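Each chain, written out:
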Amino acid sequence: MPRIDLRSDTVTHPTPAMRHAMAEAEVGDDVFGDDPTVNALEERAAALLGKEAGLFVASGTMGNLVAQMAHLGRGQETIASAESHLVMDEAAGHAVVVGTSIRALPDRADGTLDLGLVAESFRDPEDPHEPLSGLVAIENTHAHSMGQPLSVTYTQAVADVAHAQGVPLHVDGARFFNAVVALGVDPAALAGPADSVTFCLSKGLACPIGSVVVGSRAYIWRARRARKLLGGGMRQVGVLAAPGLLALSDGPDGMIPRLAEDHANARRLAEGLADMAGIESPGGAAQPTPGRLDPARARTNFVIFRVARDRAAFLDALEAQGVLMVTYPHGTIRAVTHYGITVDDIDATLVAVRAALAETAGSTVGAAAAAGA
Ligand SMILES: Cc1ncc(COP(=O)(O)O)c(C=O)c1O
């Protein structure tokens, strides 16, 4: 049975045009700045987001890491949301590598931070007990709120609060272009208020690898040094940059406009799920209101929900039907749409979910875990 893999938008395979571009890519030693394909990708990324320069890195995590290293000194502190990738999913790189702490604020259901709370969270630089506030970071799209896109207005407002304190704003834009497409805005307008943005090529844009950090020329020079320190200086890496260049291009091989299809598929999935007995609101930032899953929460390519039965048993039954989803925090399940997932796949997923729900109807929450499953 063919698998419908909705675990993440990182499971995509490169398009045929990407594979061709990889084979044909002009390359050089990128540590010497000699790789024309990498240079073209970095320039294209910077131009799209309205910044002076870009830096190709191996992953979103490396992008966030070099972004922090280029903004912060040891002993400084970042203000970010408690459920952000930066806080929860980067192996404490901010502490281990950057040498900084994080002041973690609550995630709200629209993916934003309370700006009053952000303003109150800056430390007193006159008090030698306190760390020095050095960065504000936000996530766009915001994963744990079911991928809500953060608006230009909000980004500007949070930048204003940060800048009033003389502190820069970093956007972890792993799915930045999902936000751009969902909001129908110019990428440069959405990136404009931020001092740096990281976005991933290897998620919705379907590239096999890589992320790009953009910012001012001087900032990107510091990020480049940080990348070298981390061992991320790569050589004839144009073969890996080539798919990214294609993904960001205008025209038929560009991968940005088609994200709208992923968003429509996520919405279709959420609508189908919402009508099923046994599917519930995920709670928390993903959907604070209890009861029925609200399909309107699926504004980009994430669907997060809860099952009124044993989660592990349900996911196993679903996998047996040929559909993969993953566990997500707070007892929820996440499905992510992406390149390669069609409307028919969504409809087949809904059939599979119905079957998995029926099969696990008698299971009680936590039963499989208790049985060691
Ligand atoms: C919001 C966010 N930021 C950063 C990352 C890190 O990206 P990578 O897995 O390429 O290190 C991810 C990965 O899923 C993410 O979802």
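Residues numbered from 1 in each chain as written. Predicted model: local features only at pLDDT ≥ 70, side-chain atom pairs only at ≥ 80, totals over all residues.

*Asks:* What am I meant to see in the overall build of the protein here?
*Replies:* What the protein contains, in helices and strands, is 15 helices and 13 strands. At 21 Å, the protein has a C-alpha radius of gyration in line with the 21 Å of a compact globule built from 373 residues. The dimensions of the protein, computed from C-alpha atoms along their principal axes, are 60 × 55 × 40 Å. The long-range share in the protein, meaning contacts at least 24 apart out of those at least 6 apart in sequence, stands at 76%. (Helix = DSSP H or I, 4+ residues; strand = E, 2+ residues; numbered from the N terminus. Rg over C-alpha atoms; globule rule 2.2 N^0.38 Å. Contact = placed C-beta atoms within 7 Å.)

*Asks:* Help me understand the packing of helix α8 (residues 176-183) against helix α12 (residues 259-274), please; the structure alone is not making it clear to me.
*Replies:* Axis angle and axis distance: for two packed helices, these are the angle between their axes and the distance between the axes, and together they describe the pair. The geometry of α8 relative to α12 is characterised by a closest axis approach of 9 Å and an angle of 80° between their N-to-C directions. Of the possible angle classes, the one that applies to α8 and α12 is roughly perpendicular. Residue-level inspection shows F177, N178, V181 and A182 of α8 in contact with α12, the latter providing L259, A260 and H263. In terms of residue class, the contact of α8 with α12 is made up of five nonpolar, two polar and no charged. (Axes fitted to C-alpha atoms, helices over the stretch in contact; angles between N-to-C directions. Parallel < 35°, antiparallel > 145°, perpendicular 65-115°, else oblique. Nonpolar A, V, L, I, M, F, W, Y, C, P; charged D, E, K, R; others polar.)

*Asks:* Explain the environment of A260 to me, please; I cannot follow it from the model alone.
*Replies:* Within the secondary structure, A260 sits in helix α12. In this structure the C-alpha to C-alpha distance between A260 and L246, which are 14 residues apart in sequence, comes to 18 Å.

*Asks:* Please clarify how the sheet that holds strand β6 (residues 169-173) should be interpreted in this entry.
*Replies:* Hydrogen bonds between backbone atoms are what pair the strands of a sheet, whose relative direction is either parallel or antiparallel. Read across the sheet, seven strands follow the order β2-β8-β7-β6-β5-β3-β4 without closing on themselves; strand pairing throughout is mixed. The sheet is open, and its two borders are formed by β2 (53-57) and β4 (101-105), each paired with just one other strand. Looking at each pair of strands side by side, their axes are set apart by 20° on average, direction ignored. Pairing analysis gives four bridges linking β6 to strand β7 (residues 196-200), with the strands arranged parallel. Pairing of G173 across the sheet is with F199, part of β7. Across the sheet, helix α10 (residues 217-229) is in contact with β2, β7 and β8 (211-215); its angle to β2 comes to roughly 20°. (Pairing = 2+ DSSP bridges.)

*Asks:* What should I look at first to understand the site of the ligand in this one?
*Replies:* In the region of the ligand, the neighbouring residues are S59, G60, T61, N64, H85, E139, A143, D172, A174, C200, S202 and S211. Top element by residues in the shell around the ligand is helix α3 (residues 60-71). It accounts for three residues. A breakdown of the residues in the shell around the ligand according to their chemical character gives three nonpolar, seven polar and two charged. (Near = placed C-beta within 6 Å.)

*Asks:* I'm lost on the domain arrangement of the protein in this one. Help?
*Replies:* In many reports, interface size means the accessible area that the parts give up when they come together. Each assigned domain of the protein is listed here: domain 1 (16-247) and domain 2 (258-370). Just the C-alpha atoms count here: the centres of domain 1 and domain 2 sit 29 Å apart. Across the boundary between the two partners, domain 1 contributes 19 residues, which contact 18 residues of domain 2. Counted by class, the side of domain 1 that touches domain 2 contains eight nonpolar, seven polar and four charged residues. (Domains from an automatic or database assignment.)

*Asks:* Explanation requested: the nonpolar core in the structure shown.
*Replies:* One recurring pattern in soluble globular proteins is that nonpolar side chains are buried together. With 76 residues, the main nonpolar core has V66, V136, V158, V212, V213 and A223 as its most contacted residues. For this core, the leading source of residues is helix α11 (residues 238-247), giving seven residues. If we skip the residues at most four places from it in the chain, V212 touches L41, E42, A45, G54, L55, F56, F199 and L201. In this structure, L269, V307, M325 and A356 belong to the second largest nonpolar core, which totals 35 residues. (Core = buried A, V, L, I, M, F, W, Y, C linked by C-beta atoms within 7 Å. Buried ≥ 20, exposed ≤ 12 C-beta atoms within 10 Å, placed from the backbone.)

*Asks:* Before we go on, may I ask you to explain the environment of T112 in this structure?
*Replies:* With respect to the element layout, T112 can be found in the loop between β4 and α6 (115-120). For T112 and Y219, which are 107 residues apart along the polypeptide, the C-alpha to C-alpha distance reads 26 Å. Filtering out sequence-adjacent residues up to four positions away, T112 remains in contact with L150 and Y154.

*Asks:* Honestly, the environment of D253 in this entry has me stumped. Any pointers?
*Replies:* Looking at the element boundaries, D253 is found in the loop between α11 and α12. Measuring from C-alpha to C-alpha, the distance between D253 and A21 comes to 11 Å, with 232 residues separating the pair along the chain.

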